[in-house]
Amino acid sequence: MSTPDSLSGAFPEFPEYPDDHRSGFACFVGRPNAGKSTLTNALVGTKVAITSNRPQTTRHSVRGIVHRPDAQLVLVDTPGLHKPRTLLGQRLNDVVRTTWAEVDVIGFCLPANEKIGPGDRFIAKELANIRRTPKIAVVTKTDLVTPEALAEQLIAVDLLGKEIGLEWAEIVPVSAVAGQQVSLLADLLVPLLPEGPPLYPEGDLTDEPEQVMIAELIREAALEGVRDELPHSIAVVVEEMLPREDRPEDRPLLDIHANLYIERSSQKGIVIGPKGQRLREVGTKSRKQIEALLGTPVFLDLHVKVAKDWQRDPKQLRRLGF
């Protein structure tokens, strides 16, 4: 995985860091909705990946950066590996496998409140083929189960590794929502990174472009509360971000124009809602998050457009950033 050119080079160029300082990349993998994005946000300490109680929310590999005195841990949050039904699904799986090949350590997320199933076994078998990269089994969502159920799941995860010849470097239970054992997970990941100087400047929390993060915040708000009749077919593109002209310096305003793309005209009413109420709610919720992200007041202009069957169309996938 590439590092910023300005920070690549020999370790002696960073005399302020101890000789045993470690830095590298870790990624979380697992079935859709296994808690990967929530865990990334908890480790970084702020929101760098969108979360949703609906599966297949993540579509980009989002990097979150954890700064410690002894290490810099760069987290890569991948889409959930799944059996693809569309071209978009195939491309998301390609993102996952490419990421696995490039990181220093892999965290396999298995929810504590769900029995190990065929999807978990499929991923575990794929991970067993990656010989050199250490793997940590991360049992997520421990706040949702009893201590007895958690103990059973930890035993099941251990047995899964033995069954398919996958050696866990560690098995660690965590709750990102409750903040339980999140720092312990970081302590276990760091020793598995190579020694080296920081890869990103102090203070950087992600290398995602602002426009991508803004689009993801809008998409997260659009997905919330949508009934099952609307599948995961919303894409958001930020078309323009411009400071409002003729504003006094102490009262800046950023104009953001974004389009929400859906696959069918029949989905438009679901996203917009009666008399535009739902779209206004999406705008209000995402604007607050965007203002917190950018630290400036925002005017958000949202439009809903139809891009017919975009998940299956290579040209439209490219135009929408996939």
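For clarity, every value in this text was computed on a predicted model and none was experimentally measured. Position numbers for residues count from 1 along each chain, tracking the sequence in the order it is written. Where totals are concerned, whole chains, interfaces and linings use all residues; where local detail is concerned, this predicted model gives features only for residues with pLDDT of at least 70, and gives and counts side-chain atom pairs only at 80 or more. Neither water nor hydrogens contribute to the side-chain values; these are computed over all heavy atoms in the structure.

> How should the pattern of salt bridges be read in this particular structure?
Where side chains of opposite charge bring their charged atoms close, a pairing between them can arise. Criterion for a salt bridge: a side-chain nitrogen of Lys or Arg within 4 Å of a carboxyl oxygen of Asp or Glu. In the structure shown here, the tally under the stated rule is 11 salt bridges. The closest approach of N and O atoms between R31 and D120, which form a salt bridge, is 2.8 Å. One end of the pair, R31, is in the loop between strand 1 (22–29) and helix 1 (36–44); the other, D120, is in helix 3 (residues 118–128), and 89 residues separate them in sequence. With relative accessibility at 18%, the residue R31 sits in the buried group. Of the charged contacts in the structure, one is a salt bridge between R244 and D255, with a shortest N-O distance of 2.6 Å. You can see R244 sitting in the loop between strand 7 (235–243) and strand 8 (254–262) and its partner D255 sitting in strand 8, a full 11 residues away along the chain. The network of salt bridges with common partners includes R31, E114 and D120. Elements are defined by DSSP. Helices are runs of H or I of four residues or more, strands are runs of E of two residues or more, and each kind is numbered from the N terminus. Working definition: with a 1.4 Å probe on protein chains only, accessible area under 20% of the residue-type maximum means buried, over 50% means exposed, and in between means partly exposed.

> What is the right way to read the packing of aromatic side chains from this model?
The description of two aromatic rings rests on the distance between their centres and on the angle between their planes. Each Phe, Tyr or Trp ring, with Trp reduced to its six-membered ring, pairs with another whose centre is within 6.5 Å; inter-plane angles below 30 degrees give stacked pairs, above 60 give edge-to-face pairs, and intermediate values give tilted ones. For the structure shown, the criterion picks out one aromatic pair. With centroids separated by 6.1 Å and ring planes inclined at 40°, the aromatic side chains of F108 and W168 adopt a geometry described as tilted. Of the two residues, F108 is situated in strand 4 (residues 105–111) and W168 in the loop between helix 4 (147–164) and strand 6 (170–173); the sequence distance between them amounts to 60 residues. Across this residue pair, the class does not change: F108 and W168 are buried. Two conditions define a charge located above a ring, namely a distance within 6 Å from the ring centre to NZ of Lys or CZ of Arg, and an angle within 35 degrees of the ring normal. Looking at R244, its charged tip hangs above the ring of F299, at a distance of 5.5 Å from the centre.

> Can you walk me through the sheet that holds strand 8 in this structure?
Neighbouring strands of a sheet are bound in pairs by backbone hydrogen bonds; such pairs are parallel or else antiparallel. Strand pairing follows a simple DSSP-based rule, namely that at least 2 bridges must link the two strands. Across the sheet, which stays open at both edges, the three strands sit in the order 7-8-9 with mixed pairing between neighbours. Only two strands of the sheet have a single neighbouring strand rather than two, namely strand 7 and strand 9 (298–306). When strand polarity is set aside, the average angle formed by the axes of neighbouring strands in this sheet is 15°. The pairing of strand 7 with strand 8 spans eight bridges and is classified as antiparallel. Bridged to V238 within strand 8 is A258. In the packing of helix 6 (residues 210–223) onto the sheet, contacts are made with strand 7, strand 8 and strand 9, and the angle to strand 7 comes to roughly 125°. The contact criterion used throughout is that any non-hydrogen atoms of two residues lie within 4.5 Å. Geometry is summarised by axes, namely lines fitted to C-alpha atoms with helices restricted to the contacting stretch, and by angles between N-to-C directions that run from 0 to 180 degrees. Packed on one face of the sheet, helix 8 (residues 277–294) meets strand 7, strand 8 and strand 9 and runs near 135° to strand 9.

> Sorry if this is basic, but what is going on with the environment of L43 here?
If you trace the backbone, L43 turns up in helix 1. For L43 and G179, which are 136 residues apart along the polypeptide, the C-alpha to C-alpha distance reads 9.1 Å. Those residues within four positions of L43 in sequence are excluded, and the remaining contacts are F28, V66, L75, V182, L185 and A186.

> Help me understand the packing of helix 3 against helix 4 in this model?
Helix-helix packing is described using two parameters, namely the angle between the two axes and the distance between the axes. Where helix 3 meets helix 4, the axes come as close as 10 Å, and the angle between the chain directions of the two elements is 50°. Considered as vectors, helix 3 and helix 4 are oriented oblique to each other. Here the hand of the crossing between helix 3 and helix 4 comes out right-handed. Here helix 3 contributes R121, A124, K125 and A128 to the contact with helix 4, which in turn contributes L160, E163 and I164. For the contact of helix 3 with helix 4, the class distribution of residues is four nonpolar, no polar and three charged. In what follows, roughly perpendicular refers to angles from 65 to 115 degrees, roughly parallel to angles under 35, roughly antiparallel to angles over 145, and oblique to any angle outside these ranges. Crossing chirality is assigned from the near helix's rotation relative to the far helix, an anticlockwise turn below a right angle marking it left-handed and a clockwise turn marking it right-handed. Throughout this entry, Asp, Glu, Lys and Arg are counted as charged residues, while Ala, Val, Leu, Ile, Met, Phe, Trp, Tyr, Cys and Pro are counted as nonpolar. The remaining residues, Gly among them, count as polar.

> Please clarify how helix 4 should be interpreted in this entry.
An α-helix turns once every 3.6 residues. As a result, residues three or four positions apart point the same way. What a helix should span is 1.5 Å times the count of its residues minus one. Compared with an ideal rise of 1.5 Å per residue, which puts 18 residues at 26 Å, helix 4 spans 26 Å between its outermost C-alpha atoms and is within 8% of the ideal. When we look at burial in helix 4, the residues that qualify are L150, Q153, V157, L160 and G161. The buried residues of helix 4 occupy an angular sector of 95° when the element is viewed end-on, so they sit on one face. Residues of helix 4 that are exposed and point over 90 degrees away from its buried face: E148, E152, I155, K162 and E163. Contact partners of the buried residues in helix 4: strand 4, helix 3, strand 5 (135–140) and strand 6. Looking at the residues trailing helix 4, positive phi occurs at G165, about 70°. This arc describes the spread of directions from the helix axis toward the C-beta atoms.

> For this particular structure, what's the right way to read the nonpolar core?
The nonpolar side chains of soluble globular proteins are, as a tendency, buried together. Counting 29 residues, the largest nonpolar core has V29, W100, I106, F108 and L127 as the members making the most contacts within it. For this core, the leading source of residues is helix 3, giving four residues. When neighbours within four sequence positions are excluded, I106 is seen to be in contact with C27, V29, W100, L127, I130, T133, P134, K135 and I136. Membership of the second largest hydrophobic core comes to 24 residues, among which are I214, I234, L260 and L279. Residues belong to one nonpolar core when they are buried, are Ala, Val, Leu, Ile, Met, Phe, Trp, Tyr or Cys, and are joined through side-chain atoms within 4.5 Å.

> Looking at this model, I keep getting lost on the packing of helix 1 against helix 5 (residues 182–189). Mind explaining?
At a closest axis distance of 10 Å, the pairing of helix 1 and helix 5 adopts a crossing angle of 85°. The orientation of helix 1 relative to helix 5 falls into the category roughly perpendicular. For the pair helix 1 and helix 5, contact is made by L39, A42 and L43 and by V182, L185 and A186, respectively. Taken together, the residues of the contact of helix 1 with helix 5 sort by class into six nonpolar, no polar and no charged.

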